[in-house]
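Survey of secondary and tertiary structure
One-letter residues, chain by chain:
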Amino acid sequence: MSSLLAQFGSEFSKLADYLVASEGSATMSTPCPCGKAPRSVRCKECTAQDPVCKDCFLKSHESMPFHFAEVWNGTFFDRTSQATLGRVINLGHGGHKCPKVFPAMQPLLLDVVQLNGLHACKVHYCKCEGAGKNWEQLMQINLFPGTISKTATAYSFETLKHFDLLSSVSKTPALEYELPTATWPPWSYRRKRPRREL
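Predicted model, so just to flag it, every value in this text is computed and none were measured. (Residues numbered from 1 in each chain as written. Predicted model: local features only at pLDDT ≥ 70, side-chain atom pairs only at ≥ 80, totals over all residues. Heavy atoms only, no water.)

Some remarks on the overall build of the protein chain
- When its secondary structure is counted, the protein chain shows 5 helices and 8 strands.
- Each helix and strand of the protein chain, placed in order from N terminus to C terminus, yields the pattern α-α-β-α-β-β-β-β-β-α-β-β-α.
- When contacts within the protein chain are restricted to residue pairs at least 6 apart in sequence, long-range pairs at least 24 apart make up 45% of them.
- Surface accessibility of the protein chain: about 13,600 Å² in total, with carbon and sulfur atoms responsible for 60%. (Helix = DSSP H or I, 4+ residues; strand = E, 2+ residues; numbered from the N terminus. Contact = heavy atoms within 4.5 Å. Areas by Shrake-Rupley, 256 points an atom, 1.4 Å probe, with all protein chains shown as cover.)

This is the structure:
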């Protein structure tokens, strides 16, 4: 065994303890720092991983709508999109709802393919004159629309750049491309997709 691996061997039990501890939290269900609700949601993509209440999570992630939320279900953390917590992505007004979007207007559903997985999102597009079509508003926030009319899927520029690099270097065809990080549950996007013969 190399000396580098031997270093890990002597600390294996501590390393295992840290890995197991990362699946839970000692502060779970204690009061959130805001004092309004118990801690129940965390983000494993941020360096600060202490759980907070739902409202504090949404507030701290206003500019990070594509980080997954992990919600404590009483037994373990369940990974979900921010839309299930009430996140609505508002376009055209710096994250604030467009004044021409009335309370009765329901947000539109949008699946966003990001490097860390597939996000089911809710979106309010800006209705102001000159705001541009829905697909144009998506392009302004670095999301490439899957279609021009009635866009229901968008791809982050980051994902497209990753695909471009991968296809250029390894000649991977589009039908074989999969997200580089594990989606959750891990088997959900690994099903064999029907292939259309050309």
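On we go.
Remarks on unusual backbone geometry
- Look at Asn 142: it is not a glycine, yet its phi comes out positive at around 65°.
- The exposure class of Asn 142 is partly exposed, given its relative accessible area of 44%.
- A positive phi is found at Lys 150, a non-glycine position, where the angle reads about 50°.
- As for its position among the elements, Lys 150 is in the loop between β7 (143–145) and β8 (153–156). (Buried < 20%, exposed > 50% of the residue type's maximum accessible area, 1.4 Å probe, protein only.)

Focus on the sheet that holds strand β3 (residues 77–80)
- Reading across from one edge, β1-β2-β3 is the order of the 3 strands in this open sheet, with antiparallel pairing throughout. Two strands lie at the open edges of the sheet, namely β1 (41–42) and β3, each paired on one side alone.
- One ladder, built from 4 bridges, connects strand β2 (residues 69–72) with β3; its direction is antiparallel. Looking at the pairing, Ala 69 lines up with Thr 80 of β3. (Pairing = 2+ DSSP bridges.)

Topic: a nonpolar patch on the surface
- Residues Leu 5, Phe 8 and Leu 15 make up a contiguous nonpolar surface patch of about 300 Å² in total accessible area.
- For Leu 15, the position within the fold is in helix α2 (residues 12–21). (Patch = residues over 30% accessible without salt bridge, like charges linked within 9 Å, V, L, I, M, F, W, Y side chains within 5 Å. Salt bridge = Lys/Arg side-chain N within 4 Å of Asp/Glu carboxyl O.)

Overview of the environment of Lys 36
- Take Lys 36: it is sitting in the loop between α2 and β1.
- For the pair Lys 36 and Cys 53, spaced 17 residues apart in sequence, the C-alpha separation works out to 8.0 Å.

Remarks on the sheet that holds β8
- Reading across the sheet, the 5 strands line up as β4-β6-β5-β8-β7 and stay open at both edges, with mixed pairing between neighbours. Pairing within the sheet leaves two strands with one partner each, and these edge strands are β4 (89–90) and β7.

A word on the side chain of Glu 70
- Tracing the sequence through the fold places Glu 70 in strand β2.
- The buried category is assigned to Glu 70, whose relative accessible area is 14%.
- Looking at Glu 70, its side chain comes within polar contact range of the side chain of Arg 42, at 2.9 Å.
- Setting aside residues no more than four positions away along its own chain, Glu 70 makes contact with Ser 40, Val 41, Arg 42, Lys 44, Phe 77, Asp 78 and Arg 79. (Polar contact = N/O pair within 3.5 Å; in protein donor to acceptor, adjacent residues only side chain to side chain.)

Notes on the packing of aromatic side chains
- All told, the structure shown has 1 aromatic pair when counted by the stated rule.
- Ring geometry for Trp 72 and Phe 77: centres 5.0 Å apart, planes at 65°, overall edge-to-face.
- We note Arg 42 situated over the ring of Phe 77; from NZ or CZ to the ring centre the distance is 3.7 Å.
- For Arg 79, the ring lying beneath its charged end belongs to Phe 68, and the centroid distance is 3.7 Å. (Phe/Tyr/Trp six-rings, centres within 6.5 Å; stacked < 30°, edge-to-face > 60°. Lys NZ or Arg CZ within 6 Å of the ring centre and 35° of its normal.)

Notes on the pattern of salt bridges
- In the structure shown here, the tally under the stated rule is 2 salt bridges.
- The salt bridge involving Lys 14 is made with Glu 11; its shortest N-O contact spans 4.0 Å.
- Look at Glu 11 and you get partly exposed, because its relative accessible area is 36%.
- A salt bridge links Glu 70 to Arg 42; the shortest N-O distance between them is 2.9 Å. Of this pair, Glu 70 sits in strand β2 while Arg 42 sits in strand β1, placing them 28 residues apart in sequence. Across the pair, exposure class does not vary: Glu 70 and Arg 42 are buried alike.

Spatial relationships are all this shows, so hold off on functional conclusions.
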